[in-house]
Amino acid sequence: MKRLTQLLAIIVFLYLLVSAIRPDISQSWRDDWRSLFQNVPQTNVTTETPTQVPVPTSTALPTVSDQSNSPIAPTPTPMTTPVPVPTPNATEPPDATPTSTPETVLIPVTSPTSTPSGLTEAELSDAREYALKLINQARTAVNLNEVVLDDNAAAQSHAEDLRVNCVSGHWGTDGMKPYMRYTLAGGEQYSAENVSGIDFCPSDPNRYVSTSIASKIDEAMNGLLSSPGHVRNILDPHHRKVNIGVAYQHPNLWLVQLFVGDYVDYDVTPNIVDGHLTMSGSTKNGADIQGGNLNVTISWEMGPHSLTRGQLHHTACVSGGLPIAALNPFDSYSAYRVSGTQCPDPYEVPSKAPTAESYFDKPNLPLSTPFDRAVSLLRTDQWRIEDNSFSIAADMSELIEQYGEGVYAINLWADIDGEEVLISEFSIFIPQLRQEQANVFAYVTPAPSPTPTPTQTSTPTSTPLPTATPTSTATTTPTTSPTPVPTLAPTPTHSPTPTSTATSSPTPVPANTPTPTSATEIDIRQLEDLAHELINIQRVNLGLDPLEHVEKIRLIARSHSEDMASRGYFSHNTPEGLDPTDRAQRAGYNCRKDFGLRYRIGLAENIHQGWLFAGYRTVNGRTAPYNLYSAEEIARNAVEGWMNSPGHRQNILDSSYDRAGMGIAIAEDGKVFFTQNFC
């Protein structure tokens, strides 16, 4: 005891001596001890509390389908999947599994004057510089050029959106995709995005040990570098700049990397006025457009709508718009085929879908599906190429009349070292966004949309649906407006079902409709007639003539529904590439509409996939469907889904159509496939 007292006296003497000689050191010691005790978990919390480890979402680079048979480069399929599931490239991202051992206490984050990112300006600047350093370390290790930090606000805005709403992925809660945000923030090049983050925020964050922002970025970057899709993005040799977004809310960190090129300078950015597209500028940094190396493609998709956390949690991937046209200075009214993959949109998920309840909560998510379709070539009014300068003008009025409102992406392709490369992806919103919608510099949390998707029954139920509740997908076929001879057959587009409703009241249902107790009790022909009658109710209510239900067209439509049900696909084109008009011609039916000096050939089409029942329930180890829909509910869900989608609605309410055929088939797993063809 005496020796212990002497030892303590010596320690106190040394401490006082150092305090007198070097007060800065003694202060550092006091801070270290205080920090240590401040970060010890509370006594009622186990020390085995898992620490959240941000795992990157799985994102692949844009891919381009085979161009060997076409002089025009098809639009790429950008950034496949933003959530931890296998990507269309068959990459397996790391699991978002928390570690079971608390992290070492480093630097607790305290930001009394933080920005919307959850960090102070100094912390945010340091985080970006550190993230840039890690990117360039990876690039220089394989002899690639370093990228420089760009000043586009889209990446930081997206990171703050993810933090404020506790979601993760490429979709914004406002429905914006990466390329849309980039254009609205002033970007003029192409863009390719990586995202790392988590869509679960604990209610008791103090249970988790604080670590430094640098260590969080290390974790995120390690995850990105373990995913093939992310690595391809980080190591793309064509990238020249990167925009970095960082947001933090203990214990989560969100990291957004938005890589861009630097290959085009616009004198006039792409714009559409009264249906006419104009643009001019020049290329640089080795992007060659001489000798026919410049190609311009156009894609389209519906305009953005607000999304809920549940919809984003159940979304598997993000893709670009549907390729619809390319500019051709040499020929007119011809077409080529383009293939790629299209992702299910979060608009197809019920707005009240459940959100993540833990770091382990990862739903089963659908992946992208392939498509192959005809794309028209538009004759240009002006196509001037001098050295590496260009000036282009084209009439898009018929294209806009066909597809309507939405986002039109103008994509420029050039030759870089013998490879055809996308150098610019510029978004044009029709109608133009309001200023508050377009302002990506000041994020505003959108209100969640309460509108159900078409597969939800309009009658509320007291029984909560399981997470495996099937949902429908609906693919939009735009109206086939009259086109000069020769004309393409009507071609489908893949479009999400929006969360906003197009009708204020439920679709009325004819009386005396049966309520089946099993799939075998459903009369297919009676269900087809019911759905067709619901379509005519919509037309008559708006002053249009009802459609004649033609038996020949009904059989063509039913054959396609049966084919989709038996072979397990959902598309306007069969696996062999037959579109609606091809199928009609094979069945000996030709639809021709004359419009004075013009005529139109071919069928238009709407398709829908619904369900016989609301979901699955497991009782005593047996899984079975429950809450079987009535025939009227099945038909109403399909028609309301179509009426809530601008493309489908335009087909249904097109006054030039006077006949149609409704065909329905039910698959063994309970999916109900609807096909309606119009003439």
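Structure shown above.
Residues numbered from 1 in each chain as written. Predicted model: local features only at pLDDT ≥ 70, side-chain atom pairs only at ≥ 80, totals over all residues. Heavy atoms only, no water.

Draft legend 1. Here's a closer look at the overall build of the chain. Counting secondary structure elements, the chain contains 15 helices and 22 strands. Counting every position in the chain, which comprises 679 residues, the buried fraction comes to 55%. For the chain, long-range pairs separated by at least 24 residues make up 75% of all intrachain contacts whose partners lie at least 6 apart in sequence. By element, 52% of the accessible surface of the chain is carried by carbon and sulfur atoms, the whole surface being about 29300 Å². (Helix = DSSP H or I, 4+ residues; strand = E, 2+ residues; numbered from the N terminus. Buried < 20%, exposed > 50% of the residue type's maximum accessible area, 1.4 Å probe, protein only. Contact = heavy atoms within 4.5 Å. Areas by Shrake-Rupley, 256 points an atom, 1.4 Å probe, with all protein chains shown as cover.)

Draft legend 2. Quick look at the side chain of Thr 380. Counting through the fold element by element, Thr 380 comes out in strand β10 (residues 369-386). Under the relative-accessibility criterion, Thr 380 is labelled buried at 9%. Those residues in contact with Thr 380 that sit more than four places away from it in its chain are Leu 327, Asn 328, Pro 329, Ala 393 and Ala 394.

Draft legend 3. Representation of helix α11 (residues 524-541) in the model. With 18 residues, α11 extends 26 Å from end C-alpha to end C-alpha; this agrees with the ideal 26 Å at 1.5 Å per step. If you check which residues of α11 are buried, you get Leu 527, Glu 528, Leu 530, Ala 531, His 532, Leu 534, Ile 535, Asn 536, Gln 538 and Arg 539. On its buried face, α11 is in contact with β15 (548-549), α12 (551-567), α14 (631-643), α15 (646-652), β21 (659-666) and β22 (671-678). Sitting at the amino-terminal end of α11 is Asp 523, which places a side-chain oxygen 3.1 Å from the backbone nitrogen of Arg 525. Of the residues flanking the end of α11, it is Gly 543, one or two places downstream, whose phi is positive at about 80°. (Expected span 1.5 Å × (residues − 1). Polar contact = N/O pair within 3.5 Å; in protein donor to acceptor, adjacent residues only side chain to side chain.)

Draft legend 4. Structural detail: the state of the cysteines. In this structure the tally under the stated criterion is 2 disulfides. Sulfur-sulfur distance for the disulfide between Cys 166 and Cys 201 comes to 2.1 Å. Looking along the S-S bond of the Cys 166-Cys 201 disulfide, the torsion reads about 115°, which is the right-handed sense. Here Cys 166 is found in the loop between α4 (154-165) and α5 (178-184), whereas its partner Cys 201 is found in the loop between β2 (191-196) and α6 (213-225), with 35 residues between them in sequence. Across the disulfide from Cys 591 sits Cys 679; the S-S distance is 1.9 Å. Torsion about the S-S bond of the Cys 591 and Cys 679 cystine: about 100°, corresponding to right-handed handedness. Pair noted here: Cys 591 is in the loop between α13 (580-586) and β16 (592-595) and Cys 679 is in the segment after β22, with a separation of 88 residues, a long-range link. The same class applies to Cys 591 and to Cys 679, which are both buried. (Disulfide = S-S within 2.5 Å.)

Draft legend 5. Quick peek at α12. Over its 17 residues, α12 extends 24 Å from the first C-alpha to the last, a length consistent with the 24 Å expected when each residue adds 1.5 Å. Within α12 the residues assigned to the buried category are Ile 553, Arg 554, Ile 556, Ala 557, Arg 558, His 560, Ser 561, Asp 563, Met 564 and Ala 565. Elements that come into contact with the buried residues of α12 comprise α11, β15, α13, β18 (604-611), β21 and β22. Immediately downstream of α12, the backbone of Gly 568 shows phi near 70°, a positive value.

Draft legend 6. The packing of helix α3 (residues 121-140) against α6, seen in detail. Between α3 and α6, the least distance of the axes is 10 Å, while the angle of their chain directions is 35°. In the packing of α3 onto α6, the handedness of the crossing is right-handed. Contacts between α3 and α6 involve Ala 127, Tyr 130, Ala 131, Leu 134, Ile 135 and Ala 138 from the first element and Ile 213, Ala 214, Ile 217, Asp 218, Met 221 and Leu 225 from the second. Considered class by class, the residues forming the contact of α3 with α6 number 11 nonpolar, no polar and 1 charged. (Axes fitted to C-alpha atoms, helices over the stretch in contact; angles between N-to-C directions. Left-handed = near helix turned anticlockwise from the far one by under 90°. Nonpolar A, V, L, I, M, F, W, Y, C, P; charged D, E, K, R; others polar.)

Draft legend 7. Expanded view of the environment of Leu 124. The residue Leu 124 is located in helix α3 in this model. Relative accessible area serves as the criterion here: at 5%, Leu 124 is assigned to the buried category. Note: C-alpha distance between Leu 124 and Ala 247 (123 residues apart in sequence) is 8.1 Å.

Draft legend 8. Inspection of the packing of aromatic side chains at higher detail. The tally for this structure, following the rule as stated, stands at 7 aromatic pairs. Both rings, one in Tyr 266 and one in Phe 390, keep their centres 6.2 Å apart while their planes meet at 90°; by these two values the pair is edge-to-face. Taken as a pair, Tyr 266 in strand β5 (residues 264-273) and Phe 390 in strand β11 (residues 389-395) lie far apart in primary sequence, 124 residues in all. A residue is classified by how much of its surface remains accessible, and Tyr 266, at 11% relative accessible area, is buried. (Phe/Tyr/Trp six-rings, centres within 6.5 Å; stacked < 30°, edge-to-face > 60°.)

Draft legend 9. Examining the nonpolar core more closely. Counting residues in hydrophobic clusters, the biggest one holds 37 residues, and the most contacted among them are Met 279, Ile 298, Ile 324, Leu 327, Phe 390, Met 396 and Leu 412. Where this core is concerned, the elements lending two or more residues are β5, β6 (276-283), β7 (295-301), β8 (322-328), β11, α9 (397-403), β12 (406-416) and β13 (419-430). In terms of residues, this core owes the most to one element, β12, which gives 6 residues. Setting aside residues no more than four positions away along its own chain, Phe 390 makes contact with Val 264, Tyr 266, Met 279, Ser 280, Gly 281, Ser 282, Thr 283, Ile 289, Leu 294, Arg 384, Ile 385 and Leu 412. (Core = buried A, V, L, I, M, F, W, Y, C linked by side-chain atoms within 4.5 Å.)

Draft legend 10. Representation of the sheet that holds strand β4 (residues 252-260). Taking strand neighbours across the sheet as the criterion, the 4 strands line up as β1-β3-β4-β2 in an open arrangement whose pairing is mixed. A strand with exactly one partner marks an edge of an open sheet, and here the two such strands are β1 (148-149) and β2. As defined by bridge partners, β2 adjoins β4 across 6 bridges and the pair is classed as antiparallel. Bridging from a neighbouring strand, Ser 196 pairs with Leu 255 of β4. Across the sheet, α3 lies against β1, β3 (241-249) and β4, angled at about 130° from β3, the strand it touches most. Sheet strands touched by α6: β2, β3 and β4. Its angle to β4, the strand with the most contacts, is close to 55°. (Pairing = 2+ DSSP bridges.)

Draft legend 11. Structural context of unusual backbone geometry. At the junction of His 250 and Pro 251, the peptide bond is cis and its omega measures out at 5° in the coordinates. Tracing the backbone shows Pro 251 in the loop between β3 and β4. The step from Ile 430 to Pro 431 runs through a cis peptide bond, and the omega angle for that step is -5°. With respect to the element layout, Pro 431 can be found in the loop between β13 and α10 (435-438). In this structure, Asp 417 takes a positive phi of about 55° despite not being glycine. Tracing the chain through its elements places Asp 417 in the loop between β12 and β13. By relative accessible area, which is 78% here, Asp 417 ends up exposed.

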